[in-house]
Amino acid sequence: MSHTNQTLGEFIIENQASFKYTSGELSRLINSIRLAAKVVNHEVNKAGLVDIIGNAGDTNIQGEDQQKLDVYANEKFIQTMTKRNIVCGIASEEEDDFIAINSQDENHQNKYVVLIDPLDGSSNIDVNVSVGTIFSVYRRVTPVGTPVQLKDFLQKGNQQVAAGYVIYGTSTMLVYTTGDGVNGFTLNPAIGSFYLSHPNMEFPEDGKIYSVNEGNYIHFPKGIKDYIKYCQMEEGDRPYTSRYIGSLVSDFHRNMIKGGIYMYPKSSKNAKGKLRLLYECNPMAFLAEQANGKASDGFSRIMDIEPTELHERVPFICGSKKMVEKAEEFMRNA
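Residues numbered from 1 in each chain as written. Predicted model: local features only at pLDDT ≥ 70, side-chain atom pairs only at ≥ 80, totals over all residues. Heavy atoms only, no water.

- Taking an unreviewed UniProt entry as the reference, the protein is identified by name as Fructose-1,6-bisphosphatase class 1 belonging to Winogradskyella alexanderae.
- The UniProt entry for the protein carries the following comment under Sequence similarities (unreviewed entry): "Belongs to the FBPase class 1 family."
- UniProt, in the comment section headed Subcellular location (unreviewed entry), describes the protein in these words: "Cytoplasm". (UniProt positions renumbered as here; feature names shortened; annotations may be inferred.)

Written out as structure tokens, the structure is:
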């Protein structure tokens, strides 16, 4: 761990040059995410004390029961970003449709759209397991000054200008990239500031951890089954260790630090996979590639997929380069 005292705000200013668009925009954007993350963090940390866990009696577009905390996180992130006049539109995993943000004042010239999974892994809240927020940022493709349109959100992952996640764990961290490496900041709750704690995060090229819900093994495609068998074989440095939290942010975060592969393949239950391309896979793929890792649907690069709908799902394999390549090899040969 580095012994720097640099705050997130200072880091953004210092590294402004690496962001290819104009100065204040990115700072304001990351700052609004930082602010919302602090508010949500406060609620997540006291979730056991108050009636905020449990079901909101609503299901989201995915047909999953919404936890109350999901709804809260969704509202907080949308509120914070709307107020700050930095984005022209937001799409959330919890909302059926995107939200257009009207900026009456022409000077606001909002150029960015944000796609967000406000509380990933929320089924883990009531058992005190880490949850997270995932965000993805694009520059709009429609002209500034016109209402935002669906096509502003349906961009390939390789067009992202920033992506990251907040992990509400034993410590709360914000990890993000603007296409110039990945940096992690840890919240000091006493002061309320995020400090640079993990500069230049990178996946080890190879790893010994595989993360997959093996309970679904029977439903997986043959290539994935073969790869899992390979992970379990007694040979060389195998068998690998199996670690699966079921919270994408936590599983990804651990694998990035320790070296590993995360898999959510398609299955006979979920023909297209379960994770969402726009809210989960693209931002995580951007982070993975910026951290010397790899992200694939089993055959091709996640960030080259052309999205056709907001809540599209894809199979997802991501992590240490050599492990992902090995899994792809098993997929090709199946």
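### Quick notes on the pattern of salt bridges
Pairing of side chains with opposite charge becomes possible as their charged atoms draw close.
Next, step 1: This structure, assessed with the given rule, holds 10 salt bridges.
Next, step 2: The partner of Lys 294 in a salt bridge is Glu 328, with the nearest N and O atoms 3.2 Å apart. Taken as a pair, Lys 294 in strand S14 (residues 293-296) and Glu 328 in helix H8 (residues 321-333) lie far apart in primary sequence, 34 residues in all.
Next, step 3: With relative accessibility at 25%, the residue Lys 294 sits in the partly exposed group.
Next, step 4: A relative accessible area of 7% places Glu 328 in the buried class.
Next, step 5: Note that Asp 304 and Arg 301 form a salt bridge whose closest N and O atoms lie 2.9 Å from each other.
Next, step 6: In this structure Asp 304 comes out as partly exposed when scored by relative accessible area, which is 38%.
Next, step 7: Taking the relative accessible area as the measure of exposure, Arg 301 reaches 31% and is therefore partly exposed.
Next, step 8: One connected set of salt bridges, linked through shared partners, spans Glu 93, Arg 276 and Glu 280. (Salt bridge = Lys/Arg side-chain N within 4 Å of Asp/Glu carboxyl O. Helix = DSSP H or I, 4+ residues; strand = E, 2+ residues; numbered from the N terminus. Buried < 20%, exposed > 50% of the residue type's maximum accessible area, 1.4 Å probe, protein only.)

### A few points about the sheet that holds strand S12 (residues 241-242)
Next, step 1: Strand order across the open sheet formed by 5 strands is S12-S11-S13-S15-S14, with mixed pairing between neighbours. Across the chains shown, the open sheet's two edge strands, defined by having one partner strand only, are S12 and S14.
Next, step 2: Relative to strand S13 (residues 260-264), strand S11 (residues 209-211) runs parallel, the two sharing 3 bridges. When the bridges of S13 are listed, Ile 209 appears paired with Gly 260. (Pairing = 2+ DSSP bridges.)

### Some words on the pairing of strand S8 (residues 172-177)
Next, step 1: In terms of residue burial, S8 counts as a mostly covered element, since 6 of its 6 residues are buried.
Next, step 2: Going residue by residue along S8, you find Thr 172, Leu 174 and Tyr 176 tucked away on one face and Met 173, Val 175 and Thr 177 tucked away on the opposite face as well.
Next, step 3: Pairing analysis gives 6 bridges linking strand S7 (residues 162-168) to S8, with the strands arranged antiparallel. Among the inter-strand pairings, Tyr 168 is bridged to a residue of S8, identified as Thr 172.
Next, step 4: A loop of 4 residues connects S8 with strand S9 (residues 182-188), the two strands running antiparallel in sequence, and Gly 179 in this loop sits at a positive phi of about 90°.

### A closer look at the UniProt feature "binding site: substrate" (unreviewed entry) in the protein
Next, step 1: Taken from the UniProt record, the annotation "binding site: substrate" (unreviewed entry) applies to Asp 120, Gly 121, Ser 122, Ser 123, Asn 213, Tyr 244 and Lys 274.
Next, step 2: Within the secondary structure layout, Asp 120 lies in strand S5 (residues 112-120).
Next, step 3: Judged by its relative accessible area of 5%, Asp 120 falls in the buried class.
Next, step 4: Look past the residues within four positions of Asp 120 in its chain and what remains in contact with it is Val 131, Gly 132, Ile 134, Ser 247, Leu 248, Val 249 and Glu 280.
Next, step 5: The topology assignment puts Ser 123 in the loop between S5 and strand S6 (131-139). (Contact = heavy atoms within 4.5 Å.)

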